[in-house]
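# Overview (structure and organization)
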Amino acid sequence: MNYRDFGATGEKISALGFGCMRFPEYKKGEESFVDREKTDEMIAYAYENGVNYFDTAPGYCNRNSEAALGHAVKGFRDKILISTKCPLGDDTDADGYRKKLEMSLSRIDTDYIDFYHFWGIGKGDFDNIILKNGLLEAAAKAKEEGLIRHISFSFHDDPSAIKYIIDTAEERGVRMESMLCQYNLLDRSNEEMLKYAHEKGLGTIAMGPVGGGRLAAPTDLYTKLTGKPTIATYELAFKFCLGNPNLNCALSGMENLDMIKKNIAVASDKTAFSASEWEQLGAAMEEVKKFSELYCTGCKYCQPCPVEINIPRIFEMWTYYNVYGLKDHAKHMMAKYIEKGGKTFADCKQCGLCEKKCPQHLKIRENLEKVCKTLGE
Ligand code: SF4
Ligand code: SF4
């Protein structure tokens, strides 16, 4: 496993982080549970093979992820870094922050959280909740008491807000110590801000290093981009992330042992991308930039659609078609989808609800029309 200095936190972090949002689950009646046996095995394997950063959140895996992680790391809690997150509602005040932290501590069954994040914030949340309700001070107090070791944030907003958040917190006397944001070969919008954060001494982590699963598909993308013999696409995606000298760790939501083994192999590869290869690859990627016009993260915020059009599924087919050049495969996916009764642009009522909810501000209807027509609606 490769390790990096995690910003100025004094921690060494493994190049691969374990995202705990896809633990294996099973159902009993209507309720979902994490399969503890499989999860214990997965976490133990990751730990034994060098992964030392585990990222959970109260809402993951039907609210069972924190407890499952806590259970799985019992024998080596003090050897790893646990990250979890504080969900912010408009009414979250210092007491609320504290209660949420205490609940996470209790679910994980630990005395401290290594990295406690303000969860999924943007400028609006920062101004209207964190600053207004004194949550920076609440975080500083919790840190002083040893309940959290580092103050962090995860981010979903216009990249410029990252600088604002880091600088404003610092002006208020609280140093943000690490940051988790979207970054991958297909979405490099936070790249400049990663550099800024890194220069300010924050530890930096990428979520979605394999583009929400898009880059997990087999393709000759690497050859197309570099002219070199092909490698697996997930490998390309990881190497691209980890080649960025301003990024410390790539977080992957791993769901089975096979995936863990593959990711560990890439993150342990001593011949990881050099900074110059990373630059070269990034430049080559510009050639396929047209894809970014339709960068759907698969977040599903646009769902449900009143006529049940599975928008992320259809946009995923477009990725196969347009980015990977797997045209027949994409058309086959569409045919299967329609065969199973899947709704398409032809059913769209033009209500516009989906576009109001899309964090990527995609012109969903326009793109749906293009994709459905191209793939044979
Ligand atoms: S605009 Fe069309 S696709 Fe979007 S939510 Fe409405 S019906 Fe669904
Ligand atoms: S909300 Fe936007 S980014 Fe998320 S799945 Fe729907 S279309 Fe894709």
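Residues numbered from 1 in each chain as written. Chains lettered and ligands numbered in written order. Predicted model: local features only at pLDDT ≥ 70, side-chain atom pairs only at ≥ 80, totals over all residues. Heavy atoms only, no water.

With that settled, consider the overall build of the protein chain. Across its full length, the protein chain holds 16 helices and 12 strands. For the protein chain, whose C-alpha radius of gyration is 21 Å, the value lies close to the compact-globule estimate of 21 Å for 377 residues. Here the C-alpha coordinates of the protein chain stretch approximately 60 × 45 × 45 Å along the principal axes. Across the 377 residues of the protein chain, 52% fall into the buried class. Taking contacts inside the protein chain between residues at least 6 apart in sequence as the whole, the part at least 24 apart equals 76%. (Helix = DSSP H or I, 4+ residues; strand = E, 2+ residues; numbered from the N terminus. Rg over C-alpha atoms; globule rule 2.2 N^0.38 Å. Buried < 20%, exposed > 50% of the residue type's maximum accessible area, 1.4 Å probe, protein only. Contact = heavy atoms within 4.5 Å.)

The subject of this paragraph is the site of ligand 1. Contacts to ligand 1 come from 13 residues, most closely from Cys-305, Cys-348, Cys-351, Gly-352 and Cys-354. For the shell around ligand 1, the class distribution of residues is nine nonpolar, two polar and two charged. (Near = heavy atom within 4 Å. Nonpolar A, V, L, I, M, F, W, Y, C, P; charged D, E, K, R; others polar.)

What follows deals with the site of ligand 2. Taken together, 15 residues sit near ligand 2, with Cys-296, Cys-299, Lys-300, Cys-302 and Cys-358 positioned nearest. Ranked by residue count, the leading element in the shell around ligand 2 is helix α13 (residues 311-322), at three residues. Broken down by class, the residue content of the shell around ligand 2 amounts to 11 nonpolar, three polar and one charged.

For the coordinates displayed, the defined rule picks out 15 aromatic pairs. Taking the centre distance of 5.0 Å and the plane angle of 65° together, the rings of Phe-6 and Phe-115 count as edge-to-face. Taken together, the residues Phe-6 in the loop between β1 (3-5) and β2 (12-14) and Phe-115 in strand β8 (residues 113-121) connect sequence positions 109 residues apart. By relative accessible area, which is 0% here, Phe-6 ends up buried. Relative accessible area serves as the criterion here: at 0%, Phe-115 is assigned to the buried category. Considering the side-chain rings of Tyr-183 and Phe-240, the 5.8 Å spacing of their centres and the 25° angle between planes classify their relative orientation as stacked. Pair noted here: Tyr-183 is in the loop between β10 (178-182) and α8 (191-199) and Phe-240 is in helix α10 (residues 233-243), with a separation of 57 residues, a long-range link. As far as the burial class goes, Tyr-183 and Phe-240 line up, both buried. Connected via pairs of aromatic rings, a cluster forms that spans Phe-6, Tyr-53 and Phe-115. Here the basic side chain of Lys-123 rests over the ring of Tyr-164, its NZ or CZ set 4.5 Å away from the ring centre. (Phe/Tyr/Trp six-rings, centres within 6.5 Å; stacked < 30°, edge-to-face > 60°. Lys NZ or Arg CZ within 6 Å of the ring centre and 35° of its normal.)

Under the defined criterion, the tally for this structure stands at zero disulfides. This cysteine, Cys-20, is not joined by any disulfide, and Cys-61 carries the nearest cysteine sulfur, 7.8 Å off. (Disulfide = S-S within 2.5 Å.)

Domain annotation of the protein chain identifies domain 1 (3-288) and domain 2 (296-374). Here domain 1 and domain 2 have C-alpha centroids that lie 28 Å from each other. (Domains from an automatic or database assignment.)

It is worth spelling out the pattern of salt bridges at this point. Applying the stated criterion to the full structure yields 25 salt bridges. Salt-bridge contacts for Asp-78 lead to Lys-79; the nearest nitrogen and oxygen are separated by 3.7 Å. The exposure class assigned to Asp-78 is exposed, which follows from its relative accessible area of 58%. Each member of the salt-bridge network shares a partner with another, and the members are Glu-11, Arg-77, Asp-114 and Arg-149. (Salt bridge = Lys/Arg side-chain N within 4 Å of Asp/Glu carboxyl O.)

The next thing to look at is the sheet that holds strand β7 (residues 81-86). Pairing in this closed barrel of eight strands is parallel, and the strands run β3-β6-β7-β8-β9-β10-β11-β12 around the ring. Within this sheet the neighbouring strands show an average axis-to-axis angle of 30°, counted without direction. As defined by bridge partners, β8 adjoins strand β9 (residues 148-155) across six bridges and the pair is classed as parallel. Looking at the pairing, Phe-115 lines up with His-150 of β9. (Pairing = 2+ DSSP bridges. Axes fitted to C-alpha atoms, helices over the stretch in contact; angles between N-to-C directions.)

With that settled, consider the packing of α13 against helix α14 (residues 327-339). Close contact between α13 and α14 brings their axes to 7 Å; oriented N to C, the two are set at 160°. Relative to α14, the element α13 is oriented roughly antiparallel. By crossing handedness, the relation of α13 to α14 is classed as left-handed. Residues Arg-313, Ile-314, Glu-316, Met-317, Tyr-320 and Tyr-321 of α13 lie in contact with α14, whose contacting residues are Lys-327, His-329, Ala-330, Lys-331, Met-333, Met-334 and Tyr-337. Taken together, the residues of the contact of α13 with α14 break down into eight nonpolar, one polar and four charged. (Parallel < 35°, antiparallel > 145°, perpendicular 65-115°, else oblique. Left-handed = near helix turned anticlockwise from the far one by under 90°.)

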